[in-house]
Amino acid sequence: MIRETIESAITRPTKKYLRYLGIKNLFGTDRTKQILKVNPTILPHREEAREIRTYVYDYNPQSIEEHEFRSVEPCFQFRQSNRISWINIDGIRKSDVELICTHFEIHPLLIEDILSIQQRPKMDEVENVLFCLLNMLYFNEVKGTVEQEQISIVLGKDFVISFQEDASRDVFNPLREKLKLSNSKIRQRSADYLCYSMLDMIVDNYFTVMEKLGERIEDLEEQVIASTNNRALARISSLRKELIVLKRNIAPVRDLLNGIIRSESDLLDDRTTKYFKDVYDHIMQANDLCENYRDVMVNMQDLYINNVNLRMNEVMKVMAIVTCLLAPATVIGGIFGMNFDRIPYLHHKNGFYIAVFMMLIIPVYMLWVFRKRGWF
């Protein structure tokens, strides 16, 4: 019923505006297909990166070494460096992923997850490594959409390997700056604290994305309250789709962090568990905020429909009043327009003026009665 009401309110100019936004159909858009296009029975097809960049941060409390390579082979030397090594690989190529994972003894099942696309965030503990897969989120200011980038994090003995799809952006710049400080906690702790720091920054960035999306929701709410127009309907539909992206990426991270907290792996220090609990609290807050945004959008859609119905009722009320006011004139004109020889005031010198007076005075009296009864 709600869908039919919204579809009936879409005019031709609205459809043109939706096509201008890249929306072919309000309830079956390309964006919707992109969001809901998840089928685990179909083998994923990933376009391999033309080139990869590998950044290595090899450190201990006293010093840190930074390296940049164009391949993964130079990273093999950090397998037994007796220091903490963060190997960040920008760009996914199957041959390179298999090569480095084989050298670091990462299970083939985890290699499949790293090479997958649109994977649900999850955590696995396989043999001698702890694996986390989730998405980094960004807000596209131009398109007004939430973009996601899959990142895989492998925690092993004294090393962390991260695989990123997009080499042009990530959320780890503050982490890189902290690594350069000799008195930072990251430099003093083991590799599990580095893994915690990466997850913490990814989750904190969720709030940044939701804050920007929340600003647009507030603007849209003011627009819907001030004046209901077709453009607001298109924006409501667009923002609801972006909330679906948020929900799909945020909700599973709770299970990921819960799995890490409950894990008894030797890779996790007991002192670091409380930090993972803090990230868990943050993701719970992010999930609650996402639910609040969803409720706001549902209420906003109901408000739009109510405003449309209210405007329609106002129009129908005015039309009904006009019809009622014209009814006496129609009746009087019909009576005096009949083809009979004997009609009252037919030959009276003031007959026309009497009829016009009645046509005017009766609607005025009706207006007074309507006003007195509070009908308008």
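Residues numbered from 1 in each chain as written. Predicted model: local features only at pLDDT ≥ 70, side-chain atom pairs only at ≥ 80, totals over all residues. Heavy atoms only, no water.

*Asks:* Account for the pattern of salt bridges, naming residues and giving values.
*Replies:* For the structure shown, the criterion picks out 16 salt bridges. When the shortest N-O distance is used, the salt bridge between E51 and R70 registers 3.9 Å. Of the two residues, E51 sits in the loop between α3 (30–36) and β1 (53–59) while R70 sits in the loop between β2 (64–69) and β3 (84–90), which places them 19 residues apart along the sequence. Relative accessible area serves as the criterion here: at 47%, E51 is assigned to the partly exposed category. Under the relative-accessibility criterion, R70 is labelled exposed at 52%. For the salt bridge of D269 with R271, the shortest nitrogen-to-oxygen distance reads 3.3 Å. Through salt bridges with shared partners, one network takes in D113, K122 and D124. (Salt bridge = Lys/Arg side-chain N within 4 Å of Asp/Glu carboxyl O. Helix = DSSP H or I, 4+ residues; strand = E, 2+ residues; numbered from the N terminus. Buried < 20%, exposed > 50% of the residue type's maximum accessible area, 1.4 Å probe, protein only.)

*Asks:* Any chance you could break down the side chain of T272 for me, citing the residues and the numbers?
*Replies:* Considering the arrangement of structural elements, one finds T272 in helix α10 (residues 270–336). Within the structure, the side chain of T272 is placed 2.8 Å from the side chain of D192, a separation counted as a polar contact. (Polar contact = N/O pair within 3.5 Å; in protein donor to acceptor, adjacent residues only side chain to side chain.)

*Asks:* Outline the sheet that holds strand β7 (residues 159–164), supporting the account with residue identities and numerical values.
*Replies:* In space, the seven strands of this open sheet follow the order β2-β1-β3-β7-β6-β5-β4, with mixed pairing throughout. The strands lining the two open edges of the sheet, one partner per strand, are β2 and β4 (122–126). The sheet shows a mean angle of 15 degrees between the axes of neighbouring strands, direction not considered. As paired strands, β1 and β3 are joined by seven bridges and run antiparallel to one another. Along β3, the bridge assignment pairs Y57 with W86. On the sheet, helix α8 (residues 191–226) packs against β1, β3, β5 (129–140), β6 (145–156) and β7 and is oriented at approximately 25 degrees with respect to β5. Of the strands in this sheet, β4, β5 and β6 are in contact with helix α9 (residues 230–262), which crosses β5 at around 155 degrees. (Pairing = 2+ DSSP bridges. Axes fitted to C-alpha atoms, helices over the stretch in contact; angles between N-to-C directions. Contact = heavy atoms within 4.5 Å.)

*Asks:* Describe the side chain of R189, listing the residues and the values that go with them.
*Replies:* Here R189 shows up in the loop between α7 (185–188) and α8. Notably, R189 is buried but unbridged: the nearest opposite-charge side chain belongs to D269, and the N-O separation is 6.3 Å. In this structure, R189 is in contact with I84, R271 and Y275, ignoring residues within four places of it in sequence. (Lys, Arg positive; Asp, Glu negative; His and termini not counted.)

These figures come from the coordinates and say nothing about function on their own.
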